[in-house]
Amino acid sequence: RMESSGGQTWVVVSPENVPEPLVCSICFGVVHAPVVTPCHHVFCRSCIVPALRENKRCPIDRRSLNKNQLKALSSANPILSRIWGKLKVKCRSHAKGCAWTGELSAADTHAKRCDRNKSISSSTTTQKLKQKVQALESLVIQLRRDLKEKTDECKQL
């Protein structure tokens, strides 16, 4: 499995056929938004960037590394990038009945057009909005408490 740009999961049709350089050694999945280190190791951008915040070394060979040294797979290794783009994946909405299977390079285009995916996107958006509203409500409660404290302090002066 691998995450798509919308946070949904693409399922690789034949994971046993994925070339080893296209497996992230941090999450052990097929690389998503793949980046290459100067020492030629490939990782998911979303895996390696947080790892570098903790330790500024390549997780494989421990060479010094910072996020500015990472290069997109497409520019650093175009041949490997083409192999990555040719991986066969199922639609991220396959569990909802979408039968599309195609190359990873076409998956985001399909996702934008997939009717089954739209319901996932809107429910994901609704869930994120609910979380934001809850966070804002908590913030309002805290601000009201702070205002009451300051008002009480002013009254004592």
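Scope of this entry: the structure provided in the associated data block. Position numbers for residues start from 1 in each chain and track the written sequence from start to end. Selection of residues for local features in this predicted model requires a pLDDT of at least 70, selection of side-chain atom pairs for listing and counting requires 80 or more, and totals for whole chains, interfaces and linings are taken over all residues. Values shown for side chains rest on all heavy atoms present in the structure; no hydrogens or waters enter the calculation.

Tallying secondary structure elements over the chain gives 5 helices and 7 strands in all. Each helix is a run of DSSP H or I of at least 4 residues and each strand a run of E of at least 2, with the numbering of both proceeding from the N terminus. Helices and strands in the chain line up, N terminus first, as β-β-β-β-α-β-α-α-β-β-α-α. Buried, partly exposed and exposed residues are distinguished by accessible area as a fraction of the type maximum, computed with a 1.4 Å probe on protein chains only: under 20%, between the cut-offs, and over 50%, respectively. The buried share among the 157 residues of the chain stands at 31%. Put simply, 41% of the contacts in the chain that link residues at least 6 apart link residues at least 24 apart. Here the chain has roughly 10,600 Å² of accessible surface; of this, 53% comes from carbon and sulfur atoms. In this description, contact between two residues means that some pair of their heavy atoms is separated by no more than 4.5 Å. Working definition of accessibility: Shrake-Rupley area with a 1.4 Å probe, residue cover restricted to the visible protein chains.

This brings us to the pattern of salt bridges. For side chains of opposite charge, pairing can occur when their charged atoms come near one another. The working definition used for a salt bridge is a side-chain nitrogen of Lys or Arg within 4 Å of a carboxyl oxygen of Asp or Glu. Per the stated rule, a full pass over the model turns up 4 salt bridges. In this structure, the salt-bridge partner of Arg-63 is Asp-61, at a minimum N-O distance of 3.5 Å.

This part covers the nonpolar core. Take the buried Ala, Val, Leu, Ile, Met, Phe, Trp, Tyr and Cys residues and link them wherever side-chain atoms come within 4.5 Å; each set so joined is a nonpolar core. The biggest cluster of nonpolar side chains holds 28 residues, and the ones touching the most others in it are Leu-22, Val-31, Ile-48, Leu-70, Leu-73, Trp-84 and Leu-87. Where this core is concerned, the elements lending two or more residues are strand S2 (9-12), strand S3 (34-36), strand S4 (42-44), helix H1 (45-54), helix H3 (78-85) and helix H4 (104-113). By residue number, the principal contributor to this core is H1, which donates 4 residues.

Any pair of cysteine sulfurs within 2.5 Å is marked as a disulfide. Applying the stated rule across the entire model yields 0 disulfides. With no disulfide partner, Cys-27 has as its closest neighbouring cysteine sulfur the one in Cys-44, 3.8 Å distant. With a relative accessible area of 40%, Cys-27 lands in the partly exposed category.

With that out of the way, let us pick up the sheet that holds S3. In this analysis, strands are considered paired if DSSP registers two or more bridges between them. The 3 strands lie next to each other as S4-S3-S5, forming an open sheet whose pairing is antiparallel. If you trace the sheet from one side to the other, it starts and ends with S4 and strand S5 (71-72), each paired once. In this sheet, S5 lies alongside S3 in antiparallel orientation, the contact comprising 2 bridges. Within S5, the residue paired with Val-36 across the bridge is Lys-71.

One non-glycine residue, Phe-28, adopts positive backbone phi at about 65°. One can find Phe-28 in the loop between S2 and S3. Phi is positive for Ala-33, which is not a glycine, with a value near 50°.

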